[in-house]
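Reading the structure
So you can see what is in the structure, the chains are spelled out below.
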Amino acid sequence: MSRWLPLLFVSLLFVASLVPGAAQTQEEAAPPVGLSPEQAGALADLLRDEATRDALLRELERIGAGDMPAADAGAGPPSEPEQISVGRQIAETSQEFAEGIANGALRFWSQLQRAPTALSAVSDLNAEVIWEALIDLALVLLVTLTAFYLLRGLARRIYRSMGAAAEGVGAGRTAVIIAFSVVVDVAVVALAWSIGYAVTLIGLGDMGAIGIRQTLFLNAFLLVGLINVVIRAVLAPNTPSLRTVAIEDRPARILSGWLSFLVGLLGYGQMLAVPIVSQNVGWLAGRSLSTVVSLVSILILIGLILRYRTPVGAWLMGTSARGGLLRFLARNWHVPALLYLIFLLAIVLTRPGGILFPLLSATGQVIAAVLIGAMVANLLRRAIIRGVALPESVTARLPALERRLNSFVPRVLFILRLIIIVAVVGFAMDTIQLFDVDGWLTSTVGVRLTETILSVVFVLLMTFAIWLALASWIDFRLNPEFGSTPTAREQTLLTLLRNAVTIVLVVITLMFVLSEIGIDIAPLIASAGVLGLAIGFGAQKMVQDIITGVFIQFENAMNVGDVVTVGGTTGTVERLTIRSVSLRDVEGVFHIVPFSSVDMVSNYMRDYGNFLCDMGIAYREDIGEAKQAMQEAFDELKANPDWGPAILDDLQWFGLQTFGDSAIIVRARIKCAPGKQWGVGRAYNEIVKRIFDERGIEIPFPHQTLYFGEDKAGGAPPLRLSRGSSAESERSEPTPDPG
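Within the protein, the secondary structure is distributed over 24 helices and eight strands. For the protein, the exposed surface amounts to about 45,300 Å²; the carbon and sulfur share of it is 65%.

The structure is reproduced here in structure tokens:
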């Protein structure tokens, strides 16, 4: 569609020259000497407004009569300023605001009523001058467009190969391919422009000279071509894999075609047709033609929005709108767009002095900033969505590093998106002159705020890097597959070191951040010291817990996995902090013992453990025989492959230990590996019981003796038990005393 725009505008010039009307020469339509066309147009607009014209006449009459304001006359001393109440100030401000709106509306309405007069000068065209311009442009137009479309045809193969190369690759490689395609497209436009320029210099007029009309066409061709390069880079209508926005092929082709047509309409119209008409026919005719071109472009845009509002709304809701507000905005996107175009239409009709180009330029810059921000955010999302993948060698040494980085990546993506949004909004506000961002950034406050933000970001990044390096080093030190296997004490101390350093880094970082944003941290540190002293008095138990825990850790009294007795509770250490120890006893009960209640730590697993065997045998048994049986039981236990490796030394025989009530106690001891003494002891007891039974060595146990009494003569009554087949037992009667 856009390829015929240069020919269309040449035809437009020719048709405009045939419109009936009184021809006007350049000398007749030229503005007065000493005024530029823009100044003359602005003065004409002011004089058309009745209110402005009357005010100007009154001011000129006052100056001619010699009247001076009272403040400049110097009559008398200055009077005291009148005290005005707040209510009156509000009323006067409201009155001025309302009057300003009313006057602006009246001026706008009067200018809108005079809008048809701005288009009347289109008929004042000179056919002879226009025909001469067409002849001058024919050769350069034909040569430039022919070279451009030939080069575009040759470049399509390159675009297709780059599109095939971009399928299924990463975001970084895709960005490089897109950049290369843009370079090729720019080279095509620049080469066609150079060919047209060279042919114009050589074939037209004097050698090395070029006419103003040819220059206007070539400049318009270059600008329109470069803008179309940007459109093709974003939409990529023929290569979907190079498209930077999530849009289907047919909508991309339709949107690209209409945008190229509108860019050509405005570009060739404002940069080629209007200057030619202004120079050769008259300034008013050129301005009228500029207004017509702008009106046609705006009306085309309004028609396109009304036609495609539903599919565009569905696309917006399907890709980005999730919440209720976003869905509402996506469904009604055409409303603000139509309001903006109606605003442009009114501006063009009321101020036809080339105001559209500055507005469109600002709008184009804002749209370009939004598109670039969306492209960058999309490329970042595509680059980060897969996460960080470290080499296998690094993952094997630091298994938690990849997980930590991937947990940090979404936060980085959120911050980068926020920075992009802030940058786009700031650029838009500066472009439409709603807020002077550049001036604010160079001001004292802006420079200070920028330095503060950069300093805070640097501090946070350095803190994260230090913490990540320390945590990675601890993970590497605790990895048993590389280097020496860490002991239980090293595991406990390194874990506590990581927690302690994390707390210290958080506190120091908070202090640095507060200092960078301008908060005096000296009173804060002093207050923290006083608060810490108060907390120390109020939480003595906690302070005692921490101090005792620190010394217990330095003395290596216990580690995770040890069996200890702490505070009267025996169990396996499952968790060890700077304040308490968590135990799991043999019944599965979980105990948390604060260090303030610990006055002694009994560790059953330090270096080695002993099983102490106190064996009771009957008084009638031979001690040597019992010793031999216990030694044979130990030899059998040591030969067992399950328990033999846990035994560290020979059986230690201590001999007769105690004379008991019903047995004598002999003692022996077995030295075992840490934590194995209980299993070794149970296995040894089982073997000793079996050997004692085989050899008839009695293991006595407590028993009772029944005593039935005796008479004075010392004789005890006999006890007779009768047995029978009946179910009831017969109790024997005692023999009566013969005496």
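So, on to the sheet that holds strand β5 (residues 601–603). Taken in spatial order, the five strands make up an open sheet running β4-β3-β2-β1-β5, and their pairing is antiparallel. If you trace the sheet from one side to the other, it starts and ends with β4 (590–594) and β5, each paired once. This sheet shows a mean twist of 45° between the axes of neighbouring strands, independent of strand direction. Note: strand β2 (residues 569–576) against strand β3 (residues 580–584), four bridges, orientation antiparallel. Within the sheet, the bridge partner assigned to R575 lies in β3 and is S582.

Moving on: the packing of helix α10 (residues 212–235) against helix α11 (residues 249–280). Between α10 and α11, the least distance of the axes is 9 Å, while the angle of their chain directions is 165°. The angle between α10 and α11 falls in the class roughly antiparallel. Of the two possible hands of crossing, α10 and α11 adopt the one that is right-handed.

Below, the discussion takes up the pattern of salt bridges. Opposite charge on two side chains permits them to pair, given that their charged atoms come into close proximity. Applying the stated rule across the entire model yields twelve salt bridges. Here the residues in one salt-bridge network are R152, D185 and R232, joined through shared partners.

For the rest of this paragraph, the subject is the nonpolar core. Among the nonpolar cores identified, the biggest contains 33 residues, and F217, F221, L242, Y268 and L272 are the most heavily contacted of them. Put simply, the parts of the chain that give this core at least two residues each are α8 (127–165), α9 (171–203), α10 and α11. Leave out the neighbours within four places in its chain, and L242 touches Y159, M162, G163, A166, I177, I178, S181, A233 and A236. Core analysis: the next-biggest nonpolar cluster, separate from the first, contains 26 residues, F611, C613, I647 and L651 among them.

What follows deals with unusual backbone geometry. The phi dihedral of A236 is positive, around 45°, even though this residue is not glycine. Structurally, A236 can be placed in the loop between α10 and α11. Residues other than glycine seldom take positive phi values, yet D607 does so here, at roughly 70°. Secondary-structure assignment places D607 in the loop between β5 and β6 (609–617). Taking relative accessible area as the criterion, D607 reaches 61% and is therefore assigned exposed.

So, about the environment of L637. Its place among the elements puts L637 in helix α23 (residues 623–639). Spatially, the C-alpha atom of L637 lies 9.9 Å from that of E686, the residues being 49 residues apart in sequence. If we ignore the near neighbours within four places in the chain, the residues touching L637 are W643, G644, I647, I670, V680, A683, Y684 and I687.

Gaps left between atoms show up when a probe the size of a water molecule is rolled over them. In this structure, the second largest pocket occupies an estimated 1,100 Å³ of space. I415, I419, I453, V457 and L460 are the residues nearest the centre of the second largest pocket, which is lined by 34 residues in total. Looking at which element gives the most residues to the lining of the second largest pocket, the answer is helix α17 (residues 401–431), with 15 residues. When the residues that make up the lining of the second largest pocket are grouped by side-chain class, the tally is 26 nonpolar, six polar and two charged.

Strand order in the open sheet formed by three strands is β6-β8-β7, with antiparallel pairing between adjacent strands. At either margin of the open sheet sits one strand with a lone partner, and together these are β6 and β7 (652–659). Averaged over all neighbouring strand pairs, the angle between strand axes comes to 25°, with direction disregarded. Across nine bridges, the pairing between β6 and strand β8 (residues 664–672) is antiparallel. By the bridge assignment for β8, G609 is matched with C672. Sheet contacts for α23: β6, β7 and β8; angle to β8, the most-contacted strand, approximately 20°. Relative to β6, helix α24 (residues 677–695) is tilted by about 25°, and along the sheet it contacts β6 and β8.

The rules behind each value
The numbering scheme is per chain: residues are counted from 1 as the chain's sequence reads. In keeping with the predicted nature of the model, local features appear solely for residues at pLDDT of at least 70, side-chain atom pairs appear and are counted solely at 80 or more, and the whole-chain, interface and lining totals rest on all residues. Note that water and hydrogens are dropped before the side-chain values are worked out from all heavy atoms of the structure. The way it works is that DSSP assigns letters per residue, a run of H or I at least four long becomes a helix, a run of E at least two long becomes a strand, and they are numbered from the N terminus. Working definition of accessibility: Shrake-Rupley area with a 1.4 Å probe, residue cover restricted to the visible protein chains. A pair of strands is treated as paired once DSSP finds two or more bridges between them. Orientation is described by axes fitted as lines to C-alpha atoms, over the contacting stretch for helices, and by angles from 0 to 180 degrees between their N-to-C directions. If an angle is under 35 degrees, it is roughly parallel; if it is over 145, roughly antiparallel; if it lies from 65 to 115, roughly perpendicular; otherwise it is oblique. Less than a right angle of anticlockwise turn of the near helix away from the far helix marks a crossing as left-handed, whereas a clockwise turn marks it as right-handed. Any Lys or Arg side-chain nitrogen found within 4 Å of a carboxyl oxygen on Asp or Glu counts as a salt bridge. In this description, a nonpolar core means a group of buried Ala, Val, Leu, Ile, Met, Phe, Trp, Tyr and Cys residues linked to one another through side-chain atoms lying within 4.5 Å. Relative accessible area decides the class of each residue, using a 1.4 Å probe on protein chains only: under 20% of the type maximum gives buried, over 50% gives exposed, and in between gives partly exposed. Note on contacts: a residue pair qualifies if any of its non-hydrogen atoms lie within 4.5 Å across the two residues. Only protein atoms enter the 1 Å grid used here, on which a cavity is any set of points holding a 1.4 Å probe that cannot leave and a pocket is any open set flanked by protein within 12 Å on both sides along at least five of seven lines; residues with an atom within 4 Å of a point are listed as lining. Grid points are joined across faces, edges and corners, and a volume is the space filled by probe spheres set on the points. Put simply, Ala, Val, Leu, Ile, Met, Phe, Trp, Tyr, Cys and Pro go in the nonpolar bin, Asp, Glu, Lys and Arg in the charged bin, and everything else, Gly too, in the polar bin.

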